[in-house]
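Working through the structure, step by step
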Amino acid sequence: LTSRIPLPQNRDELYVLSKTINNLLDRIENTIEREKEFTSDASHELRTPLTVIKGTLEVLVRKPRNPSEYEEKINFCISEVDRLNNLVDQLLLLARFENQKQSLKKEKICLNAVILDSISRYSNTIQAKNIQVTTVFKKDYYIETDIYLFSIVINNLVSNALKYSDKNAKLAITITEDNNTIECSIIDSGIGIASKDVGKVFNQFFRSNSTEHPEIKGTGLGLSIVKKLCILLTIGIQISSQENVGTAVMLSFHEEDLK
Ligand code: ADP
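Let me sum up the structure you'll find in this document. (Residues numbered from 1 in each chain as written. Predicted model: local features only at pLDDT ≥ 70, side-chain atom pairs only at ≥ 80, totals over all residues. Heavy atoms only, no water.)

**Brief notes about the overall build of the protein**
Which entries qualify depends on this criterion: A run of H or I in DSSP counts as a helix once it spans at least four residues, and a run of E counts as a strand once it spans at least two, with each numbered from the N terminus. Atoms counted for the radius of gyration: C-alpha only. Globule rule: 2.2 Å times the number of residues to the power 0.38. The classification of residues rests on relative accessible area computed with a 1.4 Å probe and restricted to protein chains. Under 20% of the type maximum is buried, over 50% is exposed, and intermediate values are partly exposed. The contact definition used throughout considers only heavy atoms, calling two residues in contact when any of these lie within 4.5 Å. Only four residue types enter the charge count, namely Lys and Arg as positive and Asp and Glu as negative; His and the chain termini do not. We put the charge of a Lys on NZ, of an Arg on CZ, of an Asp on CG and of a Glu on CD.
For the protein, the helix and strand inventory stands at seven helices and seven strands. In the protein, the order of α-helices and β-strands from amino to carboxyl end is α-α-β-α-α-β-β-α-β-β-α-α-β-β. For 259 residues, the compact-globule estimate of 2.2 N^0.38 gives 18 Å, and the C-alpha radius of gyration of the protein, at 23 Å, exceeds that figure by more than 25%. Projecting the C-alpha coordinates of the protein onto the three principal axes gives extents of approximately 80 × 60 × 35 Å. For the protein, with 259 residues in total, the buried portion stands at 37%. Here the analysis covers contacts within the protein between residues at least 6 apart in sequence; of these, 69% occur between residues at least 24 apart. The average position of the 32 basic charges and that of the 34 acidic charges among the side chains of the protein differ by 4 Å.

**Quick notes on the site of the ligand**
Put simply, the rule reads: Note on terminology: near, applied to a residue and a molecule or strand, indicates that one of the residue's heavy atoms is within 4 Å of it. A 3.5 Å cut-off defines polar contacts: any pair of N or O atoms within that distance qualifies, except that in protein one atom must be a possible hydrogen donor and the other a possible acceptor, and neighbouring residues in sequence count only when both atoms are side-chain atoms. Here the open area of atoms and residues is found with the Shrake-Rupley method and a 1.4 Å probe, where only the protein chains shown may cover a residue.
As a matter of local geometry, the ligand sits amid 19 residues, with N160, Y164, R207, T219 and L223 nearest to it. One of the side-chain N or O atoms of Y164 is found 2.7 Å from an oxygen atom in the ligand. Contacts to the ligand include T247, whose side-chain N or O atom sits 3.2 Å from a nitrogen atom. About the coverage of the ligand: the protein hides 97% of its 540 Å² of free accessible area.

**Considering the sheet that holds strand 7 (residues 246–253)**
What counts here: Strands are treated as partners if at least two bridges between them are detected by DSSP. All axes here are fitted lines through C-alpha atoms, helices being fitted over the stretch that makes contact, and every angle between N-to-C directions spans 0 to 180 degrees.
Strands sit in the order 2-4-5-7-6 across an open sheet of five strands; the sheet is mixed. Where the open sheet ends on each side, the last strands, each with one partner, are strand 2 (132–136) and strand 6 (235–242). The sheet shows a mean angle of 10° between the axes of neighbouring strands, direction not considered. Alignment of strand 4 (residues 170–178) against strand 5 (residues 181–188), held across eight bridges, turns out to be antiparallel. Bridged to T176 within strand 5 is E183. Across the face of the sheet, helix 3 (residues 111–121) comes into contact with strand 2, strand 4, strand 5 and strand 7 while running at roughly 175° to strand 4. Across the sheet, helix 5 (residues 147–163) is in contact with strand 4, strand 5, strand 6 and strand 7; its angle to strand 7 comes to roughly 165°.

**A short note on the nonpolar core**
Note the threshold: By nonpolar core is meant a set of buried Ala, Val, Leu, Ile, Met, Phe, Trp, Tyr and Cys residues that side-chain atoms within 4.5 Å join together.
In terms of nonpolar packing, the biggest core is built from 50 residues, with L111, F150, L251 and F253 touching the most fellow members. Those elements that place two or more of their residues in this core are helix 2 (67–98), helix 3, helix 5, strand 4, strand 5, helix 7 (222–232), strand 6 and strand 7. Residues contacting F150, with those up to four places away along its chain left out, are I109, L111, V114, I143, T145, L233, I235, L251 and F253.

Right under this line is the structure:
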């Protein structure tokens, strides 16, 4: 840790300058700490599936198995590789925002269309889980945004709503407009989030339901990416949830982004 400049007795310019420098040092140190934490969390998350895959393959090589056991173990490895792939994609996405390489390309887009597109992207899951999807759009709503980045936001939210819902659950997506503010709510009747965890879901690598529902796989990065993108695109985001009742995510669009 870097030492701080002792503050002079007199509250003069030197005092102000020293205080400013000390504050700057605090911020630099916090950033370095966060980076370190991120790297260590990321390495842990990357290493876990690799260790599991290696262990499974080693067992398969050492001891001959019957075909069905082979198939089961290999399918398990494939799903771990998929998870790893997804994790790497998300880490790359996060790194891209950090480096600000992604420049915004705002254009006028139809919000309804982005949502319908996302729903059709997940139609297989919707059918497999028999999720009842309702959309309430009174008209076409237009916003000015970066379509590529905004689609990542919507896809993440829709996929979470489906992923954290049991069979036959409901998903309702509504757009409303009031006093030049457009709001879009994505409400599921899924497993919900414990109240102690709702405030943490935007943190990188945080997963709330992983112990109660180990069968639901994830990286804990999706919502942190969503939050970053919402800040970048000046979209308001709020999440509320109740365990075993469901989760509601509310997006609100700034007046200057409505065209
Ligand atoms: P993950 O890859 O774990 O899905 P996210 O960052 O997208 O990561 O979400 C963080 C955590 O927030 C999830 O692990 C889950 O516990 C909780 N969560 C997010 N969306 C929902 C939802 N619609 N319903 C219930 N829990 C959710």
